[in-house]
Amino acid sequence: MAKIQIPRGTQDIMPGTVELWHYIEAKARDLCRRFNYQEIRTPLFENTELFQRGVGETTDIVEKEMYSVSNPRSDDTLTLRPEGTAGVVRSYVENKLYGSPNQPVKMYYLGPMFRHERPQAGRYRQFVQFGAEAIGSSDPAIDAEVISLAMRLYEELGLSGLSVELNSVGTIEDRANHRHHLLAHLNGVRDQLCPDCQSRIDRNPLRVLDCKNETCQSLTKDAPSILEYLSEESAAHFEAVKAYLTALGIRYTVNPRMVRGLDYYTQTAFEIKMAEIGAVETLCGGGRYNGLVAELGGDDMPGIGFALSIERLLLALEKQGINLPVAIGVDCFVAIQTPEAKTTAFRLVDRLRSAGVAAELDYLDRKMKAQLKQADRLSARFTVIIGESELANGSAVLKEMATGEQQEYKLEELPGELVKRLKS
């Protein structure tokens, strides 16, 4: 019978590796605590209309990448979430968080997303995103705060050589003023653009500038920049964001071609990049979405956020040779020299675990030498040995593996002694 294999574009995160995830997740949660962002958990699937309206029907996500199924009991379709912002904003509206006394509402999420795209280095069909959203303020300072939160995570994990690319895609009115001039340029080269860009010209011409096709990039390199058509308000907002980033010591470059791949962005858009991480250069992306709350049925509230892939983050750490200080193994292994000591050892392990000690014992009836080898494999800091004489005396030998030092203790004293030594 053929083996059933894991679906393409997914991965098993195994013991020995999952501890890295735990470390990064704990760091992200602690950062959000310091920045006063609270966790929100939304469903893994939503009504498809949420992403059609929230992300945009002309985006690659909606047109090509969503996993959607028909609801057998209605005419609706359900979609595995391809990104986190739309679900967070839907929840913000549905739960009337605009009425919360704590404004702006600052939330973060951490969980799996799903996109049907070609798997490559750092890119999976099921992937984990960490993201943060701040809804209810148009203050450019909070734009800089959101960018600094993402940068701080990378920096505290040890990454270096990061760059922030920044742009303003303006308001809907700014883009309308820009659209006429952009269309004049794009229509002049329409026949030479890729099929996707030819389609985008009529539906969302700004996204042609986001195309990764080298021919399209060359044909549009002289296209009119959105920065030339910003209103005074949008231009002032963009200048203030840059000033706040400078105040935080965050270096950035302005990239007028960067528009991001989602239709909901307004004004500030940004990406955090690191060179040479395989097929993926962008680690993180985000921006403002001032019209999204209203689009999803709420009051017209401004918002800004970012999302980053944990898989890409791990790849970046690997590329820079950064080893996270992850503890793997146990504090103590309890070994027995006689089968009669098994019950005593079993009770002792339970008492150690209750005292907060990570403890293990042999379940394969190994000889003493093999048990000590297992203690080494588990990176045990201490080994407790119970033989015939120790069993008779109600005691055990405590051995510190790094020094080889041994000392005998009464069984009732061992949990306290181990906790003391582990703390020191």
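Residues numbered from 1 in each chain as written. Predicted model: local features only at pLDDT ≥ 70, side-chain atom pairs only at ≥ 80, totals over all residues. Heavy atoms only, no water.

1. A closer look at the sheet that holds strand 13 (residues 359-361)
Backbone-to-backbone hydrogen bonds pair the strands of a sheet. The strands run either parallel or antiparallel.
Then step 1. Strand order in the open sheet formed by 5 strands is 13-12-14-15-16, with mixed pairing between adjacent strands. Pairing within the sheet leaves two strands with one partner each, and these edge strands are strand 13 and strand 16 (406-410). Strand-to-strand, the axes of this sheet are offset by a mean angle of 25 degrees, without reference to chain direction.
Then step 2. Pairing of strand 12 (residues 332-336) with strand 14 (residues 382-386) involves 5 bridges; the strand directions are parallel. In the sheet register, I336 faces strand 14, and the bridge partner there is I386.
Then step 3. Contacts between helix 12 (residues 342-354) and the sheet are confined to strand 12, strand 13 and strand 14, with strand 13 contributing the most and set at about 165 degrees to the helix.
Then step 4. Strands strand 12, strand 14, strand 15 (395-400) and strand 16 of the sheet are contacted by helix 15 (residues 414-423), whose axis makes an angle of about 10 degrees with strand 15. (Pairing = 2+ DSSP bridges. Helix = DSSP H or I, 4+ residues; strand = E, 2+ residues; numbered from the N terminus. Axes fitted to C-alpha atoms, helices over the stretch in contact; angles between N-to-C directions. Contact = heavy atoms within 4.5 Å.)

2. Thoughts on the pattern of salt bridges
Where side chains of opposite charge bring their charged atoms close, a pairing between them can arise.
Then step 1. Applying the stated rule across the entire model yields 23 salt bridges.
Then step 2. The salt bridge partner of D362 is R366, with a shortest N-O separation of 2.7 Å.
Then step 3. On the basis of relative accessibility, which here comes to 25%, the residue R366 falls in the partly exposed class.
Then step 4. For the salt bridge of E417 with K420, the shortest nitrogen-to-oxygen distance reads 3.4 Å. Of this pair, E417 and K420 are both found in helix 15, 3 residues apart, which corresponds to roughly one turn of the helix.
Then step 5. For E417, a relative accessible area of 14% gives the class buried. (Salt bridge = Lys/Arg side-chain N within 4 Å of Asp/Glu carboxyl O. Buried < 20%, exposed > 50% of the residue type's maximum accessible area, 1.4 Å probe, protein only.)

3. Notes on unusual backbone geometry
Then step 1. Here the residue pair Q103 and P104 is connected by a cis peptide bond, since its omega of -5 degrees sits within 30 degrees of zero.
Then step 2. Looking at the element boundaries, P104 is found in the loop between helix 4 (85-94) and strand 5 (105-114).
Then step 3. Backbone geometry places K96, a non-glycine residue, at a positive phi of 55 degrees.
Then step 4. For K96, the location among the structural elements is in the loop between helix 4 and strand 5.
Then step 5. Given a relative accessible area of 53%, K96 falls into the exposed group.
Then step 6. Of note in this structure, S379 is not a glycine but carries a positive phi near 55 degrees.
Then step 7. Topologically, S379 is positioned in the loop between helix 13 (368-377) and strand 14.

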